[in-house]
Structure formats: C-alpha cells, structure tokens
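A look at the structure
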Amino acid sequence: MHLLVTGGAGFIGCNFVRHILAEREDVGVRVLDKLTYAGSLDNLAGVLEDPRLKFVEGDICDAGVVEAAMDGIDAVVHLAAESHVDRSIISAEAAVQTNFVGSFRIFEAARAAQVERFVHVSTDEVYGACLGEPFAEDDPLNPRNPYAATKAGADRMAHSYFVTYDLPVVTARPSNNYGPWQYPEKLIPFFTWRALNDEHLPVYGDGMQVRDWLHVQDHCRALALLLDEGRPGEAYNIHGGNERPNMETIRLILDELGKPESLVRHVEDRPGHDVRYAMDASKMRALGWEPRIEWESGIRATVRWYAEHGEWMERSVARGKAYFEQWYARR
Ligand code: NAD
Ligand code: TYD
C-alpha cells in the first residue's frame, strides 16, 4: 500500500506514522506537512531513517504541491489541520484556509488520482456541546467555534465527494487525544510544562467543562482499522470512554508531578466554550475496536513523558512564543 499521510509531522500524524510502519511491513508512507509551529521533524525522530518513509515539506492549500504528493498513492489519511481552538478564536484565517480550502485540495487531488481509500479525520467538536445523550454519527452537526466550523465544513465536503464522485471516504470523528508528542498549547502538555516551571495554570472559568480523553495510540489503531474496514460514505465516532471535568484531569497532572493545587488560577473563560463533548462509539466498537489504554495510568505516563522530554518541550514552546504572549497576556 502506498499511503499519503497529511500532517504526519504533527501530534497524531507522527504517532500514526510510527504505528503504521510498525504494523505493516509492506507499506510505503509519504508524509506531506508544511511544518507550521505545530509540526516538526523532531516528532518523527527514530522513523525518518526508515526507507519506507518519505517526507515532503509542503502546503495542502497549494494545488500543485498536493497533486505531486498524490502521485502513485492508493490510500490517504488526512490529518493536516490548524488544530487549536484558542488560536482560531484570535483569528480564523489560517483554520479556514488549511482546514477547509486545504482539505478541498486534498479531496480533489485524491479524486483525480482515483485513490482506493481515504480516511478523513474530523473531530467530535463538529457536533457542538453535548447537553444530553452522547452524540451518534447521524446527529446534526452544530459547531460553535471557528475551528469546529472549519472542521464541520471539511467533514461535509468529504461526504459530498463520496456522494458526488464516489471518492471512497471514511470519516473519523475522534474525541480529545492525549499522549506523547502533542504540541504544548493543548491542556495536558501545556499545564505539565507550566507546573514543571512552577507557573500558574490558567483554568478557563470553573474548570468543570467535560472532555472525553482518547489515548493517541488507541486512536491510531482505530484509524488503521478504518483504512481496511471502514465503509465508504460512513462516519465513525472514536472515543476514549473517559469523560472527565478539566479540574479532575488537572489534579492528576499536579499529583503526578508532586506540585501543589495552589498553582491553579481560574481565569476568564474562553468565548463560546463548549461545556461537554460526548459521543457514542458503538459503531466503531462493532468493527472490533475498543480503547485499551486505561485513563489514569495513561495520563500519568503521558505527564512523565513530557517531564522527560524537556528539550523537546522547550523547542516547541519557543515556536509559539508570540501566541502564548498574546493569548495568555491577561490570563
Ligand atoms: P497538530 O496541530 O499537532 O498537527 C497538525 C499538523 O498539520 C502539523 O504537523 C502541521 O505542520 C500540519 N499542517 C498544518 N497546516 C498545514 C498545511 N496547510 N499544509 C500541510 N500541513 C499542515 O494536530 P493534531 O492534534 O495532530 O490533529 C490532527 C488532526 O486530528 C487534525 O485534523 C485535527 O483537527 C484532528 N483532531 C485532533 C484532536 C486532538 O485532540 N488533537 C481531536 C480530534 C480531531
Ligand atoms: P484543549 O486541549 O485546548 O482542547 P479543546 O479545546 O479542543 O477541547 O483544551 C481542553 C480543555 O481544557 C478545554 O475545555 C479548554 C481547557 N483549557 C483551559 O482551561 N486552559 C487552558 O489554558 C487550555 C489550553 C485549555
């Protein structure tokens, strides 16, 4: 199989590349990544030398780049995105370009190349806040922040390519991922970094918002399964089965690091903050998948991984300096 992985130098992408190279002897993987602040070749350390992996630096918004990257490809896992809600609140421009326009370019090139399988990675955020029963795949989409809106647009555009052009798209809707190599703007690595430096932890509002945490390795197994077994035209919720209020997650981080709860500072809430994400993943489970990594040991191991990768953290944080200064100036 000749596989194109977009965003393969980002958090989920680099974990997926490692997973697929370890699982499939006969795979050839081409990564297309722009290496934004969130992507780095550091993240592919240990696999970059693998002769089955080829790295291409380029922008998914550039039709020529995408067309060339698709040459000889028979399957695509599309992960490249501007993935941070808070950044999309400061400006939605990059998210609109990459998540919507860039995704369109990838769908279009995949159609022209007649790929045999396409896994499009969407998100649970497309459903919006969950105030009742966990969302099922055919529930309406109700995105409520600019990032989620661009992801919902791409999710529906992917489906339109299945309906209109028979592009064999399978859509994954994963919940919040955690694990190694996540850019330290997201809650778990960011708060680990701050706590390690004895800096306050800016908790939005009361910190009782609920997220369902999925270990990135469980997610990667699900994506690999969807490549083989997902039904084109269908969406699949992928959850960790770990719905936790943020404060509970934060206490675990502090406990693992032996840091005091006095580091917590409740700050002004994020505008339009979704109070809960929750999905029913029985469709994914019917394919024989279930999450394997237990939450408490998983998050403790993740926090230790960040504590042991101080140089990686430092380099990553340095790439986002302007953003951190702007967003957290009054938080
Ligand atoms: P990430 O921000 O860590 O990585 C994104 C990668 O995409 C980076 O390597 C970046 O350089 C690359 N990229 C960005 N813009 C690009 C462009 N224009 N052209 C080429 N490459 C570009 O994101 P992630 O957390 O790994 O998320 C991967 C996918 O999973 C995204 O589509 C995201 O929406 C989705 N998702 C993530 C989560 C999560 O918890 N992290 C949950 C649900 C869905
Ligand atoms: P995050 O990891 O950014 O993912 P998402 O917003 O896509 O769910 O945030 C997880 C939760 O943590 C979310 O409810 C927002 C909250 N949060 C804070 O309270 N403070 C912070 O500084 C960050 C980054 C997140």
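These notes cover the structure that comes with them. Predicted, not measured: the structure shown is a model, and the values here were computed from it. (Residues numbered from 1 in each chain as written. Chains lettered and ligands numbered in written order. Predicted model: local features only at pLDDT ≥ 70, side-chain atom pairs only at ≥ 80, totals over all residues. Heavy atoms only, no water.)

Looking now at the site of ligand 1. In the vicinity of ligand 1, 29 residues are found, and the nearest of them are I12, D33, S83, Y147 and K151. Between ligand 1 and L35 there is a distance of 3.4 Å, counted from an oxygen atom to a backbone nitrogen or oxygen. Between a nitrogen atom of ligand 1 and a side-chain N or O atom of T98, the distance comes to 3.0 Å. About the coverage of ligand 1: the protein hides 97% of its 840 Å² of free accessible area. Counting residues per element, the ones that place at least two in the shell around ligand 1 are helix 1 (11–23), helix 5 (146–165) and strand 7 (176–178). Here the residues of the shell around ligand 1 sort into 12 nonpolar, 13 polar and 4 charged. (Near = heavy atom within 4 Å. Polar contact = N/O pair within 3.5 Å; in protein donor to acceptor, adjacent residues only side chain to side chain. Areas by Shrake-Rupley, 256 points an atom, 1.4 Å probe, with all protein chains shown as cover. Helix = DSSP H or I, 4+ residues; strand = E, 2+ residues; numbered from the N terminus. Nonpolar A, V, L, I, M, F, W, Y, C, P; charged D, E, K, R; others polar.)

On to the nonpolar core. One finds L3, F16, V29, L223 and I238 to be the most contacted residues of the largest nonpolar core, which totals 71 residues. Of the domains in this structure, domain 1 (2–176 + 215–238) and domain 2 (187–211 + 242–278 + 293–321) are the two that each give at least three residues to this core. Ignoring anything within four residues of it in the chain, the contact list for L3 reads F16, I20, V27, G28, V29, R30, I73, A75, V76, V77 and L227. Formed by 19 residues, the second largest nonpolar core is a distinct cluster that contains L32, V66, I73 and F107. (Core = buried A, V, L, I, M, F, W, Y, C linked by side-chain atoms within 4.5 Å. Buried < 20%, exposed > 50% of the residue type's maximum accessible area, 1.4 Å probe, protein only. Domains from an automatic or database assignment. Contact = heavy atoms within 4.5 Å.)

Here we take up the environment of E125. Note that E125 resides in the loop between strand 5 (117–121) and helix 5. Distance in space between the C-alpha atoms of E125 and S40 is 25 Å, their sequence separation being 85 residues. Look past the residues within four positions of E125 in its chain and what remains in contact with it is V85, P143, N145, Y147, A148 and Y277. Separated by 3.0 Å, the side chains of E125 and Y277 make a polar contact.

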